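An overview of the molecular structure
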Amino acid sequence: MAHTKVARTIPANEAVLKESPSEIKLIFPEVLKITALKLLDTQGNELTLEHDKSLKPIKEKIAFPPSLDAGTYRVIWRGISADGHPIKGQIIFTVSP
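My aim in this report is to walk through the structure given alongside it, one point at a time. (Residues numbered from 1 in each chain as written. Predicted model: local features only at pLDDT ≥ 70, side-chain atom pairs only at ≥ 80, totals over all residues. Heavy atoms only, no water.)

On to the overall build of the protein. When helices and strands are counted, the protein shows zero helices and seven strands. Listing each helix as α and each strand as β along the protein from the N terminus yields β-β-β-β-β-β-β. Relative to its length of 97 residues, the protein is compact, with a C-alpha radius of gyration of 13 Å against a globular reference of 13 Å. Dimensions of the protein along its principal axes, counting C-alpha atoms only, are 40 × 20 × 20 Å. Residues counted as buried form 36% of the 97 residues belonging to the protein. A sequence separation of at least 24 residues applies to 62% of the contacts in the protein between residues at least 6 apart. As presented, the protein carries roughly 5,900 Å² of accessible surface, and 52% of it is formed by carbon and sulfur atoms. (Helix = DSSP H or I, 4+ residues; strand = E, 2+ residues; numbered from the N terminus. Rg over C-alpha atoms; globule rule 2.2 N^0.38 Å. Buried < 20%, exposed > 50% of the residue type's maximum accessible area, 1.4 Å probe, protein only. Contact = heavy atoms within 4.5 Å. Areas by Shrake-Rupley, 256 points an atom, 1.4 Å probe, with all protein chains shown as cover.)

Below, the discussion takes up the side chain of Thr9. Here Thr9 lies in strand β1 (residues 8-10). Reaching out from Thr9, the side chain makes a polar contact with the backbone oxygen of Pro11 at a distance of 2.8 Å. Not counting residues up to four positions away in its chain, the partners in contact with Thr9 are Lys25, Leu26 and Ile91. (Polar contact = N/O pair within 3.5 Å; in protein donor to acceptor, adjacent residues only side chain to side chain.)

Here we take up the pairing of strand β7 (residues 86-95). Bridge count for strand β2 (residues 15-17) against β7 is three bridges, and the pairing is parallel. When the bridges of β7 are listed, Ala15 appears paired with Phe93. Where strand β6 (residues 71-81) and β7 come together, 10 bridges link them in antiparallel fashion. By the bridge assignment for β7, Ile80 is matched with Pro86. Here β6 hands over to β7 after four residues, with Gly84 in that stretch at a positive phi of 90°. (Pairing = 2+ DSSP bridges.)

Next up, the structure:
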């Protein structure tokens, strides 16, 4: 079985946004368990990201960031695919009002 990869993200990877996103969404083609989700600022500092921390299998992960200032941000995630393999990924977006 192939390892699950993110199918779509909101904001999209490398998106340039005019304002801080109200939510961050990861959409997967298959169910998986998200084991870690972090939001890092330009300096690599971890920011608070509100989300359900349960390990139930999901196809969509929604998280709520604080109001973000202008800058580049990185969302890093890790999980376990349906076939039991560890997987990870990241998206980068910029807030440029």
